[in-house]
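What follows is the residue order along each chain.
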Amino acid sequence: MDDQIEKDFAFDPKTDPDEATESGKALMPLDKTLPGLMLDASLSAENRRRINDEALFTRLHVPSESWTDILADWCRRDWTYVISAKPDKKSRARAADGLELGTLMERIRDGHRALLITYPTSPKPPAPLIAAIDLDISIAPPTGKLIRQSIEAATGEDPGELDDSIADGLDFDALGIAIRCGSQAADCIRRLAEAREAHQKRFDCADDDAIPDIDDLYGYGPAMIWARDLRTDIAAYRSGRIPFSAVEQGAVLWSDPGLGKTTFVRSLSKSLRMPLIATSVGQWFAGSPGHLDSIIKQIDQVFADAAASAPSILFLDEIEALPNRRTLGSRNADWWMPVIGHMLLKLDSAISSDTGDVIVIAATNHADRLDEALVRPGRLNRIIRIEPPDRDARAGILRQHLGSDLAGTDLMPIAALSAGCSGADIMGWTKSARRRARNAGRAMNSDDLIAEIAPPETRSEADLRLVAIHEAAHAVITAILGGPTIDHMTIVPGNGALGRTQRKSMAGTIWTREMIEAEIMSCLAGRCGEIHFFGRPTAGAGGAPDSDLGAATRWATMMHISFGLGDVPIYLGDRDEAFHVLRLDPGLQKKVAADLARLETETARLVASNADRIQRLADVLRHERVIGAERIAEVLDLPETAPTPGLIGGKNE
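Residues numbered from 1 in each chain as written. Predicted model: local features only at pLDDT ≥ 70, side-chain atom pairs only at ≥ 80, totals over all residues. Heavy atoms only, no water.

A. Broad picture of the overall build of the protein chain. In terms of regular secondary structure, the protein chain is built from 25 helices and 14 strands. By residue count, 47% of the 653 residues in the protein chain fall in the buried class. Look at the contacts in the protein chain between residues 6 or more apart in sequence, and 72% of them connect residues 24 or more apart. Within the structure as shown, the protein chain displays about 30,800 Å² of accessible surface, and the carbon and sulfur contribution to it stands at 50%. (Helix = DSSP H or I, 4+ residues; strand = E, 2+ residues; numbered from the N terminus. Buried < 20%, exposed > 50% of the residue type's maximum accessible area, 1.4 Å probe, protein only. Contact = heavy atoms within 4.5 Å. Areas by Shrake-Rupley, 256 points an atom, 1.4 Å probe, with all protein chains shown as cover.)

B. View of the environment of Leu 588. By the secondary structure assignment, Leu 588 is in helix α23 (residues 586-609). Remark: the alpha-carbon pair of Leu 588 and Ile 561, spanning 27 residues in sequence, is separated by 8.9 Å. If we ignore the near neighbours within four places in the chain, the residues touching Leu 588 are Thr 557, His 560, Ile 561, Val 581 and Leu 582.

C. Just the nonpolar core, in detail. Counting residues in hydrophobic clusters, the biggest one holds 48 residues, and the most contacted among them are Met 489, Ile 520, Ile 614, Leu 617, Ile 627 and Ile 632. Counting only elements with at least two residues in this core, the list comes to α19 (461-480), β12 (486-490), α20 (513-534), α21 (548-561), α22 (578-584), α23, α24 (611-624) and α25 (629-636). The leading source of residues in this core is α19, at 10 residues. Among the nonpolar cores identified, the runner-up in size contains 39 residues, and Leu 43, Leu 60, Cys 75 and Leu 162 belong to it. (Core = buried A, V, L, I, M, F, W, Y, C linked by side-chain atoms within 4.5 Å.)

D. Representation of the packing of aromatic side chains. According to the stated counting rule, one finds 7 aromatic pairs in the structure shown. Centre to centre, the rings of Trp 67 and Phe 172 are 5.9 Å apart; their planes meet at 70°, and the pair counts as edge-to-face. On the criterion of sequence distance, the pair formed by Trp 67 in the loop between β3 (57-61) and α4 (68-75) and Phe 172 in helix α8 (residues 172-178) is long-range, its members being 105 residues apart. Each member of the pair, Trp 67 as well as Phe 172, carries the same accessibility label: buried. On the numbers, 4.9 Å between centres and 85° between planes, the contact of Tyr 237 with Phe 244 is edge-to-face. Phe 244 shares its class with Tyr 237; the two are buried. Taken together, the ring pairs in this structure connect Phe 285, Trp 335 and Trp 336 into an aromatic cluster. We note Arg 77 situated over the ring of Trp 74; from NZ or CZ to the ring centre the distance is 3.6 Å. (Phe/Tyr/Trp six-rings, centres within 6.5 Å; stacked < 30°, edge-to-face > 60°. Lys NZ or Arg CZ within 6 Å of the ring centre and 35° of its normal.)

E. Representation of the state of the cysteines within the structure. Applying the stated criterion across every chain yields a total of 0 disulfides. Of the cysteine sulfurs around Cys 188, a residue in no disulfide, the closest is that of Cys 181, at 9.4 Å. Given a relative accessible area of 0%, Cys 188 falls into the buried group. (Disulfide = S-S within 2.5 Å.)

F. Broad picture of the packing of helix α17 (residues 423-440) against helix α18 (residues 446-453). The contact between α17 and α18 brings their axes to 8 Å, and the two run at 130°. Put simply, α17 runs oblique to α18. Like other packed secondary-structure pairs, α17 and α18 cross with a definite hand, here right-handed. Mapping the contact onto sequence places Trp 429, Thr 430, Ser 432, Ala 433, Arg 436 and Ala 437 in α17 and Asp 448, Leu 449, Ala 451, Glu 452 and Ile 453 in α18. In terms of residue class, the contact of α17 with α18 is built from 6 nonpolar, 2 polar and 3 charged. (Axes fitted to C-alpha atoms, helices over the stretch in contact; angles between N-to-C directions. Parallel < 35°, antiparallel > 145°, perpendicular 65-115°, else oblique. Left-handed = near helix turned anticlockwise from the far one by under 90°. Nonpolar A, V, L, I, M, F, W, Y, C, P; charged D, E, K, R; others polar.)

G. Seen up close, helix α3 (residues 45-53). Among the residues of α3, those classed as buried are Asn 47, Arg 48 and Ile 51. The buried residues of α3 occupy an angular sector of 105° when projected down its axis, which confines them to one face. (Arc of directions from axis to C-beta.)

H. Highlighting the sheet that holds strand β6 (residues 135-138). With parallel pairing, the 4 strands of this open sheet are ordered in space as β4-β5-β3-β6. Whereas interior strands pair on both sides, the edge strands pair on one side only; in this sheet they are β4 (81-84) and β6. With strand direction ignored, the average angle separating the axes of adjacent strands in the sheet is 20°. (Pairing = 2+ DSSP bridges.)

I. The arrangement of helix α11 (residues 261-272) in detail. Between its terminal C-alpha atoms α11 stretches 17 Å, which fits the 16 Å expected from 12 residues at 1.5 Å a residue. With 10 of 12 residues buried, α11 is to be regarded as a mostly interior element. Looking only at α11, the buried set comprises Lys 261, Phe 264, Val 265, Arg 266, Ser 267, Leu 268, Ser 269, Lys 270, Ser 271 and Leu 272. On the buried face of α11, the contacting elements are α10 (222-238), β7 (250-254), β8 (276-280), β9 (312-317) and β10 (358-364). Trailing α11 by a residue or two, Arg 273 shows a phi angle of about 55°, which is positive. (Expected span 1.5 Å × (residues − 1).)

J. Local environment of the sheet that holds strand β14 (residues 626-628). Overall, antiparallel pairing links the 3 strands, which are arranged β13-β12-β14 in an open sheet. Of all strands in the sheet, those with a lone pairing partner are β13 (500-503) and β14, marking the two edges. The sheet shows a mean angle of 10° between the axes of neighbouring strands, direction not considered. Both β12 and β14 contribute to a ladder of 3 bridges, which runs antiparallel. Among the inter-strand pairings, Thr 490 is bridged to a residue of β14, identified as Val 626.

K. A look at the environment of Gly 396. Along the chain, the position of Gly 396 falls in helix α15 (residues 391-402). Sequence-wise, Gly 396 and Leu 217 are 179 residues apart; in three dimensions their C-alpha atoms are separated by 8.0 Å.

Structure (structure tokens):
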């Protein structure tokens, strides 16, 4: 019985051949083979039996809109009524062949064998129609095996084993142009490869020469582990061992600017051999008049492109530009709420549905600003933090960008000079170093690179000593208070700062009032160091929201309005709203000013009692310009774990 059912759905090469080979073997064009092969591969023996024996209402979910017509034509052999959810030009509610969905419902009530064809971005059928479905069938994109059978049927030649990615992203028209009846199998394969390459270029797929493989990247930590696991799952999907729904399809990459989120996604696209569709909220506005309906259409288009290229990667950069609905003011809510709601529906369709073969990766510099609904399970549920690269990773990134330049040079000392930099910084330095060498009419040497990373000092000795004291005071007070480990410190100017003391992340910390006040004292330590050693402070501790004074003020304000660690347990806003709330509340201003004055007095006492350590560290910093955690610990001769003193409220003796 199963053998007979199999014949009902698989193509018969003796039926309606277009021509024959010299040996008399029938040749079959693609439209008479591939649709039947794809349908046959998607049906179990039991489902074949049911379709033959019962008057079922069946939904056929195809990979993309481009497959609807060809599969509809094929399925009319076995279903009385076949329509698709593809809208016509007149109405999104009408189906192909001029039949309305309501008419289809009438046919179902009359007991006819009916088939509805949908695809990932098709309009959603009415709820009663969905409820009436007796059998749901999902058609997967053609595998290498099906393409091989189609080529053999069209050419009479066996092309041999073909990789499952051979037809990635190609619709039926593209396949039909490549697999021509009466052609040679080798020519069909060549045309398929050219069509896939053209398709991938259209969707900004990673260029082999410009983008490294995922295994050749450096400094991505947990993101690299996730990428390798994803590559394993995609290999299992392509071999048929797991469905695409078993693949983790949503994630957010979170880092400071310049740490290579876009490079990582492009490298992942190359390694997974998947087309990459990249977009951002800014592009939606740039590509439209900015009206609500035009933004909705932009969102629809990028998700449609991803679905048409599936399996694919959809990259949503700067996702924090979609505002958090919880913090939206009433003035903007009416405009943004439909956009965010529509975005969530599209994510559900792409990630949570059984037929969404799309991996959605978002990128942000501000994970704390994302709408909670975006990052819930079933959507972009995994947030992956990318930290600045360590010394080994920086050396690897240097080598990557240098290519054959400086071959054989030990890059570790140069990498040590670049502490705290990003991959983007390194790329810029290598380009500038090459330009420096070109202008001098010679090959690049290590001095060219060092001159870009740490340019020769032009500041006076007095200015250098002040900057070194300021940074050394930060490091010493942070270490004494048991704060976060110092990753590195430098007096090399960069990013608008004359020096920098970079501490390791405290993400996941459960804060107490004592810990917050220690954090504020660490922020004030540079200013207190200037006062102790030079008799007065400079403006170097202030001037911007992310300055020492800005950070200290924000922490003190949040202690009262965010964390419930002030005089009363109340919540008035988060870190982004702290300065706004502070400006509007004179009483809060007095409390914050009193806290800062008290903690500055305590910090000044600690600076005075540790002046020798600060001076010693400052001298080393002036000489070496960049020093890391091990060198700092060696100079300060501090225990590995320093207990936090009982300093709160001026109590420590």
